[in-house]
Amino acid sequence: MSVPQGTATEPATAPSAPPRESHARAWKGLGWGFLVKLVILAVINAFGVLTIIAAAQVGSWIVLVGSIVILLVADVVYFTKRSIPLKYLLPGLIFLFVFQVFIFGYTAFIAFTNYGTGHVGTQEQAVEAALIQGERRVEGSPTYPLAVVERAGVLGFAITDAGEVKVGSAEQPLEVVAQTGDTGAPADVPGWQIVPRNDLISDKAMQQEVQELRVPVSDDPNEGSIRTRDGSTGAIYTSTLVWDEQAQTITDTVNGTVYSADDHGNFVAEDGTKLPTGWAVTVGWENFTRLFTDPALFEALSVVAVWTVVFAVLSVAIPFAMGLILAIIYNDPRVRGRKFLRTLFILPYAFPAFMSALLFRGMFNSEFGVINELFFFGANIDWLGDPWLARGAVLFVNIWLTYPYYFLVCTGAIQALPADALEAASIDGASRSRQLRSIILPLVLVATAPLLISSFAFSFNNFTVIYMFNNGGPAIPGAPYALGATDILISAIWDISGVSGGAADYGLASALSIIVFIVVGVIAAIAFRQTRKLEEF
Amino acid sequence: MSETTLTDTVRTTGQKPGQDGSRTAARRRRWILEVGWKYLLAVVVLFYAVFPLVYILSASFNPSTSLAASNAIFSAFDLSNYAALADTSYWTWFANTLIVGFASAIGAVLMGAAAAYAFSRFRFAGRRGGLTTLLIIQMFPQALAFVAIFLMLLSLGEVVPALGLNSKLALICVYLGGALGVNTFLMYGFFNTIPIEIDESAKIDGATHAQIFWRLIIPLVTPILAVVALLSFIAAFGDYIVSKIVLVSEDNWTLAVGMFQWVSNQLSANWGLFAAGAVLASIPVLVLFFSLQRYIVGGLIAGSVKG
């Protein structure tokens, strides 16, 4: 076995072996290729350095380290002669690492946090948000003459306070920028442009923004911030809540309630009331245990999980059977116009899938849909509202979408069958059905098995068809997160994640993603065993 | 299959003359049993395959925009739905889809071809391991990690706004992240069919590896490049989940995101618009598909599925 394989690969390795002439002696000037490379790399370096600077300014350390590494690797690979294969692989690898491998890892990380609505940022941001919520105007506090200023699309306030012009924005606390003898609103603010009052009055959106804008007096959130109602005078607002970083507590000065930080990222009072904003913390396996221990969630998810498997299996088995049967029937040379028939048979496959799902959504509509109207004599069958009818309908749609694929594949496989084997069988007197059973089917199955497995993995996560056809509905009664009867796991993750609106629970959604990843991984392992594709290279 | 007709003729010629009528009747019965029913079945299958498409074509020509009125197939012929598309964001979405689709197709082809060339022509440490890893990564759909994509782009946008949420460039980058895993195998197999002697003789003539790649190999592998380009284009064209979370504002939407809004509300009167839009959007895809069909079938058999 190993001997022929060895001879097969030897000639491939041989050509790189002969001693190459030194690069210096083969020098023929810089050449166009080098110039193009230089320009491209110059652009990449410029962009990379900009990114690094921006990342350092924002304090985004992962992006900073990532872009430094990518830039260094790119320069080393393209400016040295070390690894020629890497020159070809690097662009794809960078995208692969950043936009696929990293996001897989990031998903795993989020799965162990309580990231979601109410737990978005850091503790610092949560404190800030809590203090803003409790902000009131300080009784008897002075008002300052104020001007609305703007710099690069960012609005800020400039005030005159005891002969000093101070300016700041939402991100940047007040700082003194100039001295003035006037007592009115600042007329000139270095580094900023004053927004004319007429603009402010005529622009409703900007008015709204100005009224919501709060400029911190200093870095300490307890000192309060400047706000304005009319755009010409500002006053200090401070929070009735006081943040004590040492004790990790927020105290309400009005009624004396003390909210202390817990390890779930919330400020909780002794009587159990919580402040609305929390921060993201690592919660360990909690998301995973919640999937299995929350009864309402578990029950709905079990329905979803079973349906996912059933949907995936049937979405492969039925279209494959249809495609295979049609392929065998229409491989008959006595049928005329086979080419024409084949082209029409595979039309559904060439029609974009998301549009087919939307098209069927309309056709299956119970009141106005053409299916009830034409094929069920105007009956009012609730295809999309009844759980079982909806499941049947979405399967029907997916079969319509995918049988042409198997028809194509099986036709290809049948036409590639060894003609002499069939001939020998018929000379030996094997009947047509016997030939089908003992020669055609086994050979076609061997050729298509890897495809069936990858199709199964694909159907398992076929979000588009499920979501476009019926949003995963109809809803399972009593299920949390708007889970529905035709939801498969990936669309359930979509509902739970809340990225499209509503309360978000990124942590729980990611935990479910991880579980699906594991299931897909098992399928992949089976696929490897089945196909033994690895032996080919 | 020709056996049966052969024995058929042998048997019938052995019979006495004068039974011509019954002989042709028998032959006809035999034809119906063996071939004729296939035409009948073909009619059924054709109806199943084509009816929804005929229906949407007819709905697109129906001047009424509601779902209920479009059930009378080809009762009217009117281009008002097509004209009405101009008043919507349809053409913006169409342009966005083309931009995203073509950019990710070109990127996927370039990256995939370069990677396949490296795997096919160079022997280097980690080659086998790299191929195996790609095969494994390919099994994990990017769409499953959409939460992480969303959060990553959210924080990336703070540093580089062009790569943040609501940027087509960011969406293209996400698609390109999946390009290597899906396409390398498809292309790798094809690259291996190009004899390595071509590279060797060029090398002896003094060509650099870059010259061999661009001038010799790329022209020879054009069919597989076309297939990968088409499949990447269709994948970007049909993707909803990632484009929905990345593209926030309406003027940045692709067709999948935009047209879903039209018909997601069951009572909305946008059915005519949807029908016209669907017909227009499917024409280029259908044309490309059928002109490249020969190559696609080979590509499909090599292991890709409809996206």
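Calculation rules
Residues numbered from 1 in each chain as written. Chains lettered and ligands numbered in written order. Predicted model: local features only at pLDDT ≥ 70, side-chain atom pairs only at ≥ 80, totals over all residues. Heavy atoms only, no water. Helix = DSSP H or I, 4+ residues; strand = E, 2+ residues; numbered from the N terminus. Buried < 20%, exposed > 50% of the residue type's maximum accessible area, 1.4 Å probe, protein only. Contact = heavy atoms within 4.5 Å. Patch = residues over 30% accessible without salt bridge, like charges linked within 9 Å, V, L, I, M, F, W, Y side chains within 5 Å. Areas by Shrake-Rupley, 256 points an atom, 1.4 Å probe, with all protein chains shown as cover. Salt bridge = Lys/Arg side-chain N within 4 Å of Asp/Glu carboxyl O. Lys, Arg positive; Asp, Glu negative; His and termini not counted. Charge placed at Lys NZ, Arg CZ, Asp CG, Glu CD. Phe/Tyr/Trp six-rings, centres within 6.5 Å; stacked < 30°, edge-to-face > 60°. Lys NZ or Arg CZ within 6 Å of the ring centre and 35° of its normal. Pairing = 2+ DSSP bridges. Core = buried A, V, L, I, M, F, W, Y, C linked by side-chain atoms within 4.5 Å. Domains from an automatic or database assignment. Buried area = accessible area lost by both parts, 1.4 Å probe. Polar contact = N/O pair within 3.5 Å; in protein donor to acceptor, adjacent residues only side chain to side chain. UniProt positions renumbered as here; feature names shortened; annotations may be inferred. pLDDT = per-residue confidence, 0-100.

Caption draft 1: Quick look at the overall build of chain B. Helices and strands together make up the secondary structure of chain B, namely 15 helices and 0 strands. Out of the 307 residues belonging to chain B, those deemed buried represent 51%. Taking the contacts inside chain B whose residues are at least 6 apart along the sequence as the reference set, 67% of them involve residues at least 24 apart.

Caption draft 2: Region of the structure containing a negative patch on the surface. Negative charge collects at one region of the surface, where Glu124, Glu128, Glu171, Asp244 and Glu245 of chain A lie side by side. Turning to its location among the elements, glutamate 245 of chain A is positioned in the loop between β10 (241–244) and β11 (249–252).

Caption draft 3: The arrangement of the packing of aromatic side chains in detail. Inspection of every chain in the model, using the stated rule, returns 65 aromatic pairs over all chains. Consider the rings of phenylalanine 267 of chain A and tryptophan 279 of chain A, whose centres lie 4.9 Å apart with planes at 55°: the pair is tilted. Of this pair, phenylalanine 267 of chain A sits in strand β13 (residues 267–268) while tryptophan 279 of chain A sits in the loop between β13 and α8 (286–293), and the two are 12 residues apart along the sequence. Between tyrosine 117 of chain B and phenylalanine 122 of chain B, the aromatic rings sit 5.7 Å apart at their centres with planes inclined by 85°, giving edge-to-face as the arrangement. Accessibility classification places tyrosine 117 of chain B together with phenylalanine 122 of chain B in one group, the buried group. Grouping aromatic residues by their ring pairs yields a cluster made of Phe360, Phe364, Phe376, Trp383, Phe396, Trp400, Tyr403 and Phe469 of chain A together with Tyr48 of chain B. Here arginine 227 of chain A stacks its cationic end above the ring of tyrosine 237 of chain A, 5.6 Å away from the centre of that ring. Over the aromatic face of tryptophan 388 of chain A sits the side chain of arginine 391 of chain A, whose NZ or CZ is 4.5 Å from the ring centroid.

Caption draft 4: Seen up close, the pairing of strand β3 (residues 154–161) of chain A. Residues and elements named next belong to chain A. A large share of β3 lies buried, amounting to 7 of its 8 residues. Where strand β2 (residues 143–151) and β3 come together, 6 bridges link them in antiparallel fashion. Opposite leucine 146, over in β3, you have isoleucine 159 as the bridge partner. As consecutive antiparallel partners, β2 and β3 are separated by 2 residues, and within that stretch alanine 152 has a phi angle of approximately 50°, a positive value. Across 6 bridges, the pairing between β3 and strand β4 (residues 164–169) is antiparallel. Opposite alanine 158, over in β4, you have valine 167 as the bridge partner. Counting the residues between successive antiparallel strands, the hairpin from β3 to β4 contains 2 residues, one of them, alanine 162, with a positive phi of roughly 50°.

Caption draft 5: Region of interest: the nonpolar core. Counting residues in hydrophobic clusters, the biggest one holds 218 residues, and the most contacted among them are Phe354, Phe364 and Tyr506 of chain A together with Leu255, Met259, Trp262 and Phe274 of chain B. Membership of the second largest hydrophobic core comes to 16 residues, among which are Tyr144, Leu155, Val195 and Val215 of chain A.

Caption draft 6: Representation of the domain arrangement of chain B in the model. All names here are of chain B. With domains assigned, chain B is organised as domain 1 (18–81) and domain 2 (84–297). Between the C-alpha centres of domain 1 and domain 2 there is a distance of 36 Å. Between domain 1 and domain 2, roughly 860 Å² of surface is buried when both sides are summed, and carbon and sulfur atoms account for 68% of that area. Contact with domain 2 buries area across many residues of domain 1, yet Ile56, Thr65 and Asn81 alone supply 54% of it, more than any other trio. At the junction of domain 1 with domain 2, the criterion picks out 0 salt bridges. Here domain 1 is connected to domain 2 by 4 residue pairs in polar contact (both at pLDDT 80 or more).

Caption draft 7: Focus on helix α7 (residues 168–177) of chain B. Of all 10 residues that make up α7 of chain B, 8 are buried, and the element is covered over most of its length. Turning to α7 of chain B, its buried residues are Ala170, Leu171, Ile172, Cys173, Val174, Tyr175, Leu176 and Gly177 of chain B. Those residues of α7 of chain B that are buried are in contact with α4 (84–111) of chain A together with α4 (90–121), α6 (146–159), α8 (179–192), α11 (222–238) and α12 (241–246) of chain B. With a side-chain oxygen positioned 3.2 Å from the backbone nitrogen of leucine 169 of chain B, the residue opening α7 of chain B is serine 167 of chain B.

Caption draft 8: Spotlight on the domain arrangement of chain A. As far as domains go, chain A holds domain 1 (31–111), domain 2 (136–268) and domain 3 (309–479). Computed over C-alpha atoms only, the centres of domain 1 of chain A and domain 2 of chain A are separated by 40 Å.

Caption draft 9: Region of interest: the UniProt feature "transmembrane region" (unreviewed entry) in chain B. All names here are of chain B. Residues annotated by UniProt as "transmembrane region" (unreviewed entry) correspond here to residues 37–57, 90–119, 131–157, 169–191, 212–237 and 271–292. Taken end to end, residues 131–157 is 74% helix and 0% strand, and its first and last C-alpha atoms sit 32 Å apart. Annotated as residues 169–191, this span is 96% helix and 0% strand, and its ends, taken at the C-alpha atoms, are 30 Å apart.

Caption draft 10: Looking closely at the confidence of the model for chain B. Residue and element names in this part refer to chain B. A residue-level look at chain B finds 88% of positions with pLDDT of 70 or above and a mean pLDDT of 84. Within the model, the stretch residues 303–307 combines pLDDT values under 50 with 17 contacts to residues more than four positions away or in other chains. Interface confidence in the predicted complex, given as ipTM, is 0.86; pTM for the same model is 0.81.

Caption draft 11: Spotlight on the UniProt feature "transmembrane region" (unreviewed entry) in chain A. In the UniProt entry, the feature "transmembrane region" (unreviewed entry) is given for residues 30–55, 61–80, 92–112, 304–328, 340–360, 388–408, 439–460 and 506–528 of chain A. The span residues 61–80 of chain A is 95% helix and 0% strand, and its two end C-alpha atoms sit 28 Å from each other.

Caption draft 12: The sheet that holds β10 of chain A, seen in detail. Residues and elements named next belong to chain A. Reading across the sheet, the 4 strands line up as β10-β11-β12-β13 and stay open at both edges, with antiparallel pairing between neighbours. Every interior strand has two partners, whereas the edge strands, β10 and β13, have only one. The pairing of β10 with β11 spans 4 bridges and is classified as antiparallel. Each bridged residue has a counterpart across the sheet, and for valine 242 the counterpart in β11 is threonine 251.

Caption draft 13: Examining the UniProt feature "domain: ABC transmembrane type-1" (unreviewed entry) in chain A more closely. Taken from the UniProt record, the annotation "domain: ABC transmembrane type-1" (unreviewed entry) applies to residues 305–527 of chain A. Taken end to end, residues 305–527 of chain A is 72% helix and 0% strand, and its first and last C-alpha atoms sit 21 Å apart.

Caption draft 14: Fine view of the pattern of salt bridges. For the structure on display, the rule yields 6 salt bridges over all chains. Notably, a salt bridge pairs arginine 334 of chain A with aspartate 332 of chain A, separated by 3.1 Å at the nearest N-O pair. Residue arginine 334 of chain A is classed as partly exposed on the basis of its relative accessible area, which comes to 22%. A residue is classified by how much of its surface remains accessible, and aspartate 332 of chain A, at 2% relative accessible area, is buried. One salt bridge connects arginine 334 of chain A with glutamate 34 of chain B, and the closest N-O pair in it is separated by 2.7 Å. With arginine 334 of chain A in the loop between α9 (295–329) and α10 (338–345) and glutamate 34 of chain B in helix α2 (residues 20–60), the pair connects residues from two separate chains. On the accessibility criterion, glutamate 34 of chain B (21% relative accessible area) is partly exposed. Residues participating in the shared-partner salt-bridge network are Asp332 and Arg334 of chain A together with Glu34 and Lys38 of chain B.

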